Amino acid sequence: MGIFGLFSKEKKESLDQGLQKSNQSIFSKLSKAVVGKSKVDEEVLDELEEILITSDVGVDTTIKIIERIEERVARDKYLNTEELDTILREEIIALLEENNSQDFLDFDIPEDQKPYVIMVVGVNGVGKTTTIGKLANLFKSNGKSVILGAADTFRAAAVDQLILWGERVGVPVVSHGMNTDPASVAFDTVKLGKEQGADVIIIDTAGRLHTKVNLMNELSKIKRVMQKFIPDAPHEILLVLDGSTGQNAFIQAKEFTKATEVSSLAITKLDGTAKGGVVIGISDQFKIPVKYIGVGEKMSDLQIFNRKEFVDSLFSKK
């Protein structure tokens, strides 16, 4: 079993702490909404709708959640406000389950896909390179050999930062420096990974949404050159989003899913924001699995997303 095979007490405490701002924001508003109320009525639901929207769950997803709670109220005839947080958790978990937001319990890669190639996309500043470094560390801690490719060649800082992460984690980084051909970096990274029998190859890419056509062409080119060595590469296209940007993360997800076939999501910086609801909204709206969440600065604060534990940390009374 991999390092995330069980959701440990330490990880739950880290998750609780990382989502503390979001949790406190939701419950301070919820407490005001139900003060003096004995049952869940239309007024309470209106307040709850506003709370979810201002927590960046998103309008469409919020409406789904409210409709589900309305059905519960109608079915159970009488629900008191003390039960509201429990009902809220149950309905959101059920919604996430329906959206194919699977729980990734293990950190192992498919046995028939070696090297397992991950192409990482996302705009500058979302924590993309840091996420790659932490992922490399987690794979290595789980006994996997990892090679990184510095194909975000339009920013010197991105190349330098990835090299530093490689040194810190103790994994090789293929780099041609700044202003070089990203596809050439990807080509050499995959070639080296194949020759050395690496378990995991992670390729960093540039995120320049203002030139979407160029971005699409560039990502397509990177994929083509990787497929010269590994025909089904990349096995995963991981989009990194900054959770603290709230609705802007929705916009980025929309643009990147147009530009390439995103297969998984990492949502970072949730510890510094009260916008934790964005994870629920993005999972619901895009039907792409949220695989990782960032809830702090430590290596272990990049966690595999567990919907039940996440919703519990976000909505439980503390």
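Refer to the preceding data block for the structure.
Below: a short report on this structure.

Conventions and cut-offs
- Residues numbered from 1 in each chain as written.
- Predicted model: local features only at pLDDT ≥ 70, side-chain atom pairs only at ≥ 80, totals over all residues.
- Heavy atoms only, no water.
- Core = buried A, V, L, I, M, F, W, Y, C linked by side-chain atoms within 4.5 Å.
- Buried < 20%, exposed > 50% of the residue type's maximum accessible area, 1.4 Å probe, protein only.
- Helix = DSSP H or I, 4+ residues; strand = E, 2+ residues; numbered from the N terminus.
- Contact = heavy atoms within 4.5 Å.
- Pairing = 2+ DSSP bridges.
- Phe/Tyr/Trp six-rings, centres within 6.5 Å; stacked < 30°, edge-to-face > 60°.
- Right-handed = clockwise from strand over helix to strand, strands pointing away.

1. Things to note about the nonpolar core
- In this structure, Leu-48, Phe-139, Ile-202, Met-226, Leu-270, Phe-310 and Phe-315 are the most contacted members of the largest nonpolar core, which totals 99 residues.
- With seven residues, helix α5 (residues 84-98) is the single largest residue contributor to this core.
- If sequence neighbours within four positions are ignored, Ile-202 has contacts with Ile-118, Val-120, Ile-132, Leu-135, Ala-136, Phe-139, Val-146, Ile-147, Leu-148 and Gly-149.

2. With respect to the pairing of strand β4 (residues 200-205)
- Most of β4 sits inside the fold, with six of its six residues counted as buried.
- Of the two faces of β4, the one lined by Val-200, Ile-202 and Asp-204 and the one lined by Ile-201, Ile-203 and Thr-205 are each fully buried.
- Across five bridges, strand β1 (residues 116-121) lies against β4 in parallel orientation. Along β4, the bridge assignment pairs Tyr-116 with Val-200.

3. A few points about the side chain of Arg-72
- With respect to the helices, strands and loops of the structure, Arg-72 is situated in helix α4 (residues 59-76).
- Excluding anything up to four places from it in sequence, Arg-72 contacts Lys-77, Leu-79, Ile-87, Glu-90 and Glu-91.

4. Brief notes about the packing of aromatic side chains
- Evaluation of the coordinates by the stated rule reveals two aromatic pairs.
- A ring pair is formed by Phe-187 and Phe-229, whose centres lie 4.9 Å apart and whose planes are at 65°; its orientation type is edge-to-face. Taken together, the residues Phe-187 in helix α8 (residues 182-196) and Phe-229 in the loop between α9 (212-226) and β5 (236-242) connect sequence positions 42 residues apart.

5. Considerations on the pairing of strand β2 (residues 146-151)
- Taken across its six residues, β2 has six buried, putting it largely inside the fold.
- Looking at chain direction, β2 and β4 are connected through six bridges and run parallel. Bridge pairing links Ile-147 to Ile-201 in β4.
- The pairing of β2 with strand β3 (residues 173-174) spans two bridges and is classified as parallel. Note on β3: the bridge partner recorded for Leu-148 is Val-173.
- Handedness of the crossover joining β2 and β3 through helix α7 (residues 156-169): right-handed.

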